[in-house]
Amino acid sequence: MAMEEHKSRLVYTFYMLTLFLCGAVLFLIGFFPASYSVAEQENSVPIDRPTTLHGENLVPPPASYNSFILFLIDALRDDFPNESSMPVAYDKACMKLSLHVDIPTVTMPRLKSITTGTLSNFIDIALNVGHTEQVEDSLLHRLKQRNAVVSLAGDHTWVHLFPTEFTRTAANNDSFYVNDFYEGDKNVTNALESELEKKDWKLLILHYLGLDHIGHVEGHASPKVNHKLKEMDNAVKKILDHKNMDNYLLMLTGDHGMADGGGHGGNTAAETTVPLYLYSNNCSKYTTSTKRYNQIDLTPTLALLLSVEIPTMSIGCLIPEMLQSLSLEQQMYAYFYNAHHLLNKARVKFGHENVRRSDYYVWYTNATLLHKELLQPLRSGNANSVSKVHYENAKLNYLRVAREISGQLSESLVKFDYGLIAVGLALTTATSLHIVLSVLFLDTATDQLQLDKMKVGQLLLSLVVGIILNIVGHMLDQLMTSSMLQSLLLVLPIVASVYLSMDVAQALIKIALPPLYSRRLKLSIPLPLSLLACLAIRTFSLGSSSFIEFEYKTWYYLGNSLILLIALKTLRRRITKANVELDGRHLHKIASACLWQQRKIFVVLILLTLMRYLHRLTSIKSTLMLFALLLFWARLRKFTDTPQAIFNGIAFLLVYSFRGLNGQVQFFVLPQYLAARFVLPVLVLFWCCLALVFVLGYRQALPQQQHSGGHSLLDAPRPSSNLLKLLQTNLTCSLMLVALLYKVQNIVLLPTLLITLDETYKLCEAYGTTARKFSVRLVHVYKIIMTIFVARMFYFYQGNSNSLSTIDLTPGYIGQTSYNPLLVGFFVTMNTYSAEIHSFLYLIVHTLRADLRNVGILQLLPSYAKAADSLVAPLYAALVMLPAAFYLCLMVGFRYHLFIYSVFSPKVLYDCYTVLVFYLVFLTTSLYFKLFKQDA
């Protein structure tokens, strides 16, 4: 009976986590639709260029230049080019402008903005890896319609977005392989030299990736950055000095910037500002300007200069400084065309009557009348007779119209699918409350609440209600699906949320109305108010953008405070207990003895306080790494036998050697070419040692499995012997892998994490045993909550944040020579979420290792061995899911907040991914419990 109960708790938790993730996915799809649509019927926006104005014929200007070059340097932030880093590019630029880049600051959405003139959806940051979308209308499509030759050299992302629009491509297929600093860029330069000789192209796109890769691997301050900028400067010089470049426009810019840590994806000024340097063989036409425009403004401006139609989706304004090569009549046409295009989009989006009543329609009318008056003198060729006042007024009115409509269209791009959001919220909220109530009333679940039992009648009722809701939702256009299959599949989450909501409602009624039942429902686990108060403070602080941006400070404060609080409570109880036993004699000796017993925890607190400053200690990096690896090896020694420990030690030496060969710590002085040759053998040896530790651990555990069937649990020297050995082996191997992936300055976090967890667990046990009323469950609850706090603290100590720019991609490419998305994703996840993953695994292993005889009371339940699957996993899951569900509700409330995409949205992706990571770790652990259940 007990075995079935424990099995059901794991299965029940698995179902709740699965349903929660389904709900989270539905919420994200509804909150971040896969593509924006400025107007419901884009085909109603006129495509052709206007040719009349109040009865006067207009002639679209021809292409201003014979050839255009878009020189795109990935992650070129605004302060990178200067007199020393890029002397030729800086000195010979006709004009230096700045562009504001919209979030998300990653490559694929930025390329879409440059070519289509529309803003990207925030979820494009996820699509950036897979390039699932192909752009349907852009500058490149318009050029292809005119049979213009367009050539590409560089990032393969362009080919995914525009598979048929390029005449020639020399794409870098390993765009995501961040260890490539130079080879890909050399290929781009070679292609550039070839294209300069051909000279049949209208547009040449060069996309260099090396700078971005250097930033990801070594940070923005790497000495390689300057070398790369010099290389880019030489490429610019090649173009400017080439004999074929007679009538050209060269645009040097970046797709996005680079954060101070070297990453990107966030909203800091360094990530959202890029330079735009313009080069031409007639610089005298350009006057100096230091203005900043939006990246989407490039699209309509280039469309005018290329003499093609503005893409339908474009909501950008013109960059006047780039039009100075045009005649006054052509400039007036450009301003008129852009305002006319945006006005047509506004008519489709907001309705003809609303547009006619708007202020910008008055500005547009005034501008067109002035424009008509100016046409005759402009065409007569007598520029001096043109009224400068009328010209400036017409120009300013056109620009005002464009900027006003562009701003309104940008705001209208926010499009939510409230039907999917509602289903997602219902499912996540219901599952979170369901598992919380199930854990709180575990003992009474089988008697009255019955939360983990399937009720057929309720399921049938939920099915009927779900089908009705689905049909009504589609009839009222609240649920929008593109196919019948999607409509049918949507029934499943609706039915699940209805069923769980009924369960939660019934449970709350039973709890709130106890007189209707023979006995009052009691909580099955004690609730430590101080810990729950800290959890509540952290959860409710998510309603503030400042608390989200600086969430690490919340965890640092609460985590350290809780450890100190438990330490002081335990100390007081120990002193009081000893004082009572000795009738108050030698109080100072008792106090000093009890204080000495807790010396380790105060050392840990000092270490945790210093941890946030350790990343600055570059001068002792090598010593710190050696000390950390030695300490780490000593901590893992208790999980391994002697042969495993030997290979473990060799693996750590190889980790140090790998970092030494890369020049990150002090090592034998070797020539660079020789050091590079040793890197691969060192990594191969490391993987061999890791495999040996794994095989030795499993070999030691698995043969015993055949003979353990006849032994009872009490005969075993420790509970869950085989299961424990396997989980310990998994934990050891996983920590060894992370030691390879971690940055040098972060490796010290690994042994510190294990020490902190160990000492915290000892405190929790001491606090539980000195309590007036001893409770094993109280000890478990303390350990679970403290593990979550410690895990989050170390997650932020590692340098992570709620900004996407702090994701470290470098570990994903260790030992790889090409881009493998699955392997890269696994390594980056292991590195980023190491503290979360290993804290949970360590808690499970610790719970299985703990012997109740040390506590002194054998008869109390649940025992430590059984608690791992009956209490620890469900409660841990509940505490992971509940804040995430609460935050999803907050997201709906803040959907029109100024910082919704810059602050709140990255956080929701992190939270959902955290639940997914826990789900995968829980699933793996549960499989071991199921396979070796005779040990559980």
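Whatever comes next refers back to the structure up there.
Residues numbered from 1 in each chain as written. Predicted model: local features only at pLDDT ≥ 70, side-chain atom pairs only at ≥ 80, totals over all residues. Heavy atoms only, no water.

**Q** Talk me through the overall build of the chain; I want residue IDs and the actual numbers.
**A** Looking only at helices and strands, the chain features 36 helices and 10 strands. In the chain, buried positions account for 58% of the 936 residues. Contacts in the chain between residues far apart in sequence, at least 24 positions, make up 79% of those at least 6 positions apart. Here the chain has roughly 39,600 Å² of accessible surface; of this, 61% comes from carbon and sulfur atoms. (Helix = DSSP H or I, 4+ residues; strand = E, 2+ residues; numbered from the N terminus. Buried < 20%, exposed > 50% of the residue type's maximum accessible area, 1.4 Å probe, protein only. Contact = heavy atoms within 4.5 Å. Areas by Shrake-Rupley, 256 points an atom, 1.4 Å probe, with all protein chains shown as cover.)

**Q** So what's going on with the packing of helix H26 (residues 621-636) against helix H27 (residues 642-661)? Which residues, and what values?
**A** Between H26 and H27, the least distance of the axes is 10 Å, while the angle of their chain directions is 160°. When the axis of H26 is compared with that of H27, the two are roughly antiparallel. Judged by the sense of rotation from one axis to the other, the crossing of H26 with H27 is right-handed. Across the interface between the two elements, Ser622, Met625, Leu626, Leu629, Phe632, Trp633 and Leu636 of H26 pack against Ala645, Asn648, Gly649, Phe652, Val655, Tyr656 and Arg659 of H27. Of the residues in the contact of H26 with H27, the class split is 10 nonpolar, 3 polar and 1 charged. (Axes fitted to C-alpha atoms, helices over the stretch in contact; angles between N-to-C directions. Parallel < 35°, antiparallel > 145°, perpendicular 65-115°, else oblique. Left-handed = near helix turned anticlockwise from the far one by under 90°. Nonpolar A, V, L, I, M, F, W, Y, C, P; charged D, E, K, R; others polar.)

**Q** Tell me about the environment of Val274, residues and numbers included.
**A** Along the polypeptide, Val274 turns up in strand E9 (residues 273-280). Sequence-wise, Val274 and Ile73 are 201 residues apart; in three dimensions their C-alpha atoms are separated by 9.9 Å. Look past the residues within four positions of Val274 in its chain and what remains in contact with it is Leu76, Asp78, Leu97, Ser98, Leu99, Val101, Thr253, Gly254, His256 and Gly257.

**Q** Kindly report on the environment of Ile807, identifying the contributing residues and their values.
**A** Checked against the element boundaries, Ile807 lands in the loop between helix H31 (776-797) and helix H32 (821-832). Look at Ile807 and you get partly exposed, because its relative accessible area is 28%. Sequence separation between Ile807 and Gly265 is 542 residues, and the spatial gap between their C-alpha atoms is 9.0 Å. Discounting residues that sit within four places of it in the chain, Ile807 has contacts with Val828 and Tyr910.

**Q** Describe helix H8 (residues 210-218), and please don't skip the residues or the numbers.
**A** With 7 of 9 residues buried, H8 is to be regarded as a mostly interior element. The complete set of buried residues in H8 reads Gly210, Leu211, Asp212, His213, Ile214, Gly215 and His216. Trailing H8 by a residue or two, Gly219 shows a phi angle of about 90°, which is positive.

**Q** Give a description of the packing of aromatic side chains that names residues and reports values.
**A** If you walk through the whole model with that rule in mind, you get 39 aromatic pairs. Arranged with centres 5.8 Å apart and planes meeting at 75°, the rings of Phe686 and Trp687 form a pair that is edge-to-face. For Phe686, a relative accessible area of 1% translates into the label buried. A connected cluster of aromatic rings, assembled from ring pairs, spans Phe27, Phe31, Phe32, Phe416 and Tyr418. Positioned above the aromatic ring of Tyr277 is the side chain of Lys96, whose terminal nitrogen or guanidinium carbon lies 6.0 Å from the ring centre. (Phe/Tyr/Trp six-rings, centres within 6.5 Å; stacked < 30°, edge-to-face > 60°. Lys NZ or Arg CZ within 6 Å of the ring centre and 35° of its normal.)

**Q** Describe in detail the nonpolar core, supporting the description with residues and values.
**A** In terms of nonpolar packing, the biggest core is built from 141 residues, with Ile435, Ile563, Met793, Phe794 and Tyr876 touching the most fellow members. Per element, the largest residue contribution to this core is 15 residues, and it comes from H31. Among residues more than four places away in sequence, those in contact with Ile435 are Tyr12, Thr13, Met16, Pro874, Ala877, Ala878 and Met881. The next biggest cluster of nonpolar side chains, apart from the first, holds 78 residues, and it includes Leu119, Cys317, Leu318 and Ala367. (Core = buried A, V, L, I, M, F, W, Y, C linked by side-chain atoms within 4.5 Å.)

**Q** I'd like to hear about unusual backbone geometry, residue by residue, with values.
**A** With phi around 70°, Ala75 is a residue other than glycine that occupies positive phi space. Tracing the backbone through its elements, the reader meets Ala75 in the loop between strand E3 (67-73) and helix H2 (87-91).

**Q** Which residues make up the pairing of E9, and what values go with them?
**A** Along E9, 8 of the 8 residues are buried, which leaves the element largely enclosed by surrounding structure. The alternating pattern of E9 places Thr273, Pro275, Tyr277 and Tyr279 and Val274, Leu276, Leu278 and Ser280 on opposite faces, both of which are buried. Where strand E4 (residues 95-100) lies against E9, 6 bridges are found, and the strand directions are antiparallel. In the strand pairing of E9, His100 is matched with Thr273. For strand E8 (residues 248-253) and E9, the ladder comprises 5 bridges, and the chain directions are antiparallel. Bridged to Leu249 within E9 is Ser280. (Pairing = 2+ DSSP bridges.)

**Q** I'd like a description of the environment of Leu479, backed by residues and values.
**A** On the secondary structure map, Leu479 appears in the loop between helix H18 (456-475) and helix H19 (484-489). Considering only alpha carbons, one finds Leu479 and Gly419, 60 residues apart in sequence, at a separation of 4.7 Å. In contact with Leu479, not counting residues within four places along its chain, are Gly419, Leu420, Val423, Leu469, Asn470, Gly473, His474, Leu490 and Ile494.

**Q** Give a description of the sheet that holds strand E7 (residues 203-208) that names residues and reports values.
**A** Taken together, the 8 strands give an open sheet; going across it, the order is E6-E5-E7-E3-E8-E9-E4-E10, and neighbouring strands pair in mixed fashion. Each edge of the sheet is formed by a strand with only one pairing partner; in this case those strands are strand E6 (168-172) and strand E10 (292-294). Here the strands of the sheet are splayed against their neighbours by 20° on average, with no regard to which way each runs. Pairing between E3 and E8: 6 bridges, direction parallel.

**Q** For the pattern of salt bridges, give the residues involved together with the corresponding values.
**A** Counting across every chain of the model gives 22 salt bridges. One salt bridge connects Lys228 with Asp185, and the closest N-O pair in it is separated by 2.7 Å. Within this pair, whereas Lys228 is found in helix H9 (residues 223-241), its partner Asp185 is found in helix H7 (residues 183-198), the two being separated by 43 residues in sequence. With respect to class, Lys228 is no different from Asp185; both count as buried. In this structure, Glu765 engages Lys783 in a salt bridge whose closest nitrogen and oxygen atoms are separated by 2.8 Å. Placement of Glu765 in helix H30 (residues 749-770) and of Lys783 in helix H31 is noted, with a sequence separation of 18 residues between them. Judged by relative accessible area, which is 22%, Glu765 ranks as partly exposed. (Salt bridge = Lys/Arg side-chain N within 4 Å of Asp/Glu carboxyl O.)

**Q** Describe the side chain of His242, listing the residues and the values that go with them.
**A** With respect to the helices and strands, His242 occurs in the loop between H9 and E8. A polar side-chain atom of His242 sits 2.9 Å from a polar atom in the side chain of Glu197. Beyond its immediate stretch of four places on either side in the chain, His242 contacts Leu196 and Glu197. (Polar contact = N/O pair within 3.5 Å; in protein donor to acceptor, adjacent residues only side chain to side chain.)

**Q** Kindly report on the side chain of Ser438, identifying the contributing residues and their values.
**A** In this structure, Ser438 sits in helix H16 (residues 418-440). The class for Ser438 is buried, based on a relative accessible area of 1%. Here the side chain of Ser438 touches Arg9 through a polar contact of 3.0 Å, side chain to side chain. Residue contacts for Ser438: discarding those within four places in its chain leaves Arg9, Tyr12 and Leu451.

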